[in-house]
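Residue-level structure breakdown
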Amino acid sequence: MPFHPHDYPLALTLFSYVLACVVIIFVDRFALPKRVRKANRIGLTRRDNIVDTLVCLPVIALIFAFFFAISWRPLYAAAGAISFFVIFMGISRVKFRFIREPLIFSDIALVADVFKYKTIFYATKLNAIFWLLSFVYVFGASAAYMILEPSVLPQRAKLFWVMVMIGVAAAPWILLFYGPVNKIVATLIRPLVRQMNVRASTARFGTFCSVFFHFVAWLGMKRAEVVAEISERLYAAVQDLIGHGSAEKAPLILVWQSESFIDMRHFGVSSIKLPNIDRMKRLAAQWGRLSTVFEGGYTLRTEFAVLSGLVPDDLHVDAAYPYLRASHYGDLVWPMKLKNAGWSTHFIHPYSRTFFFRHKAMPQLGFQKMTMLDAFDHVPARDGPYVSDETLTRRVIDEVKALKDTESSLIFVASMANHGPWEPGRVEGLNDPVSIYLDLLQKSDAALGRLIDFLGKLDRPVWFVFYGDHAPLLKSFADPFPDPRTDYFILPLADARTSQHGPVFPRNEEPWDLIRALLRHAKLSRKPLTADTVAE
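Residues numbered from 1 in each chain as written. Predicted model: local features only at pLDDT ≥ 70, side-chain atom pairs only at ≥ 80, totals over all residues. Heavy atoms only, no water.

1. A few points about the overall build of the protein
- Looking only at helices and strands, the protein has 19 helices and seven strands in total.
- Based on the C-alpha atoms only, the size of the protein along its principal axes is roughly 100 × 60 × 45 Å.
- A buried classification covers 52% of the 536 residues belonging to the protein.
- Restricting to contacts in the protein with at least 6 residues of sequence separation, those with at least 24 account for 77%.
- Element-wise, carbon and sulfur atoms account for 62% of the exposed surface of the protein, whose accessible area totals about 25,200 Å².
- Computing the positive centroid from 60 side-chain charges and the negative centroid from 48, the protein places the two 5 Å apart. (Helix = DSSP H or I, 4+ residues; strand = E, 2+ residues; numbered from the N terminus. Buried < 20%, exposed > 50% of the residue type's maximum accessible area, 1.4 Å probe, protein only. Contact = heavy atoms within 4.5 Å. Areas by Shrake-Rupley, 256 points an atom, 1.4 Å probe, with all protein chains shown as cover. Lys, Arg positive; Asp, Glu negative; His and termini not counted. Charge placed at Lys NZ, Arg CZ, Asp CG, Glu CD.)

Structure representation (structure tokens):
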């Protein structure tokens, strides 16, 4: 009688699972470039390597169980699990090549936006051909296995065994969202991950297991304890903010986050003219280079660091995508502190209000009013992919004019004009990405000058903060940028400006200290706002 593997379903299933584990663990070694992987595995012992491999086996089993449950074909389950992990690894490798960060769990929350906003994610190659090939592979390969590989589903009580396998495949995922179970799993995983370093986790566990472990840690994170620790150890909610500070007139704080802005003259580009950047250096109470939370992307990380005053490391897994759980940090962030002190708060951003979940996060962070893309008359075919800084400046000026003179106000502006890609056709007569970017910078500088002129004529104390969120992804110029720090300026204008304000030497600053530095210069609290300030 000829030997047929499917006559021994348990043995074949076990063999298929082991085969999937071997292939997945081997392939996941390529999730990072070799030098990066080695650098992030320094100090690991043989015991660490064994533990890292063993903890991945249950995760692989979960994916294997899913494909087995929908097919009852062991070889198909192995092929499906391998494909699943390889696809994650491939996406992660592409992401790393592009912005030097592997795939992280919070990227899953951006999947829909990647397809909705292809330009901003540089994902224009996700076209019909891409989807056709993906469709053919997934459904073609699945159909082939269904036809060629025999099922090992028992002939007796078929429905019972189908339901059992569905339960085995689905129950662990469902239980992960059940509080008590999640806390136990998160407690077990936390010592393995040690620190929320996605490069280190990817080097140790591979792409999907790293994503899975970080996700479980995120689900099980005890945010109340984290917030309490930050409140006690750092500055918490400052109770001493005064409505008008020491001035008789209501002050205005205007913070302008300039998308992808960096002064290219730092890198020897002498052809660009930025007269208003030079002007701000002369007017600033403080200016210099700003460290970046992330180089070349993830604007929300810098944005949240500035708005919150919180060090990213203190947020653990939330630092990757802080707006997913923004409500937990509402009482700690500057907009809410100012709002509670009687200030009006306004967030202006000429892009989709749902992008990065800002439509939910910003009110939770204390912004009373939001002005987003739907408030602008913007037609991409006519105006280009993003609202220009000139148009944005006109809107900001209108909003400032509408403010009550007796009401202290915070306006946070996040521009879009300098965002890539810098493709031919974006600026008339220019095809080179660097030339296009330089032209956009000069247009932004011109708009900046008009805004400063306007703010300087107001009859109230005005504090203006300008900074770049991150270096541009301008790979034709530098990859990576030799110095990814951007530029920042803190300017006293109108009635805030005194004879004591004059040119100052540049100083380095951290994004999370920017507003605190502004408040220190503006003297808007009864006591110095330092990292040692503790809530009453």
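Now that the structure has been shown, we can carry on.
2. Thoughts on the pattern of salt bridges
- On inspection of all chains with the given rule, the structure shows 27 salt bridges.
- The closest approach of N and O atoms between Glu390 and Arg450, which form a salt bridge, is 2.5 Å. On the criterion of sequence distance, the pair formed by Glu390 in helix H17 (residues 389-401) and Arg450 in helix H18 (residues 433-456) is long-range, its members being 60 residues apart.
- Judged by its relative accessible area of 23%, Glu390 falls in the partly exposed class.
- Residue classification places Arg450 among the partly exposed positions, given a relative accessible area of 42%.
- Taking the shortest distance from any N to any O, the salt bridge between Asp479 and Lys475 comes out at 3.1 Å.
- Judged by its relative accessible area of 31%, Lys475 is partly exposed.
- Among the charged side chains, a network of salt bridges with common partners joins Lys95, Glu101, Asp107 and Arg301. (Salt bridge = Lys/Arg side-chain N within 4 Å of Asp/Glu carboxyl O.)

3. Thoughts on unusual backbone geometry
- Cis peptide bonds are those with omega within 30 degrees of zero, and the linkage from Gly420 to Pro421 qualifies with 0 degrees.
- Examined against the element boundaries, Pro421 turns out to sit in the loop between strand S5 (409-414) and H18.
- That bond from Asp479 to Pro480 is cis: its omega, 0 degrees, falls within 30 degrees of zero.
- Among the structural elements, Pro480 can be located in the loop between strand S6 (461-468) and strand S7 (486-494).
- Positive phi, normally seen in glycine, also occurs at Ser260, with a value near 55 degrees.
- Looking at the secondary structure, you find Ser260 in the loop between strand S1 (252-258) and helix H12 (275-283).

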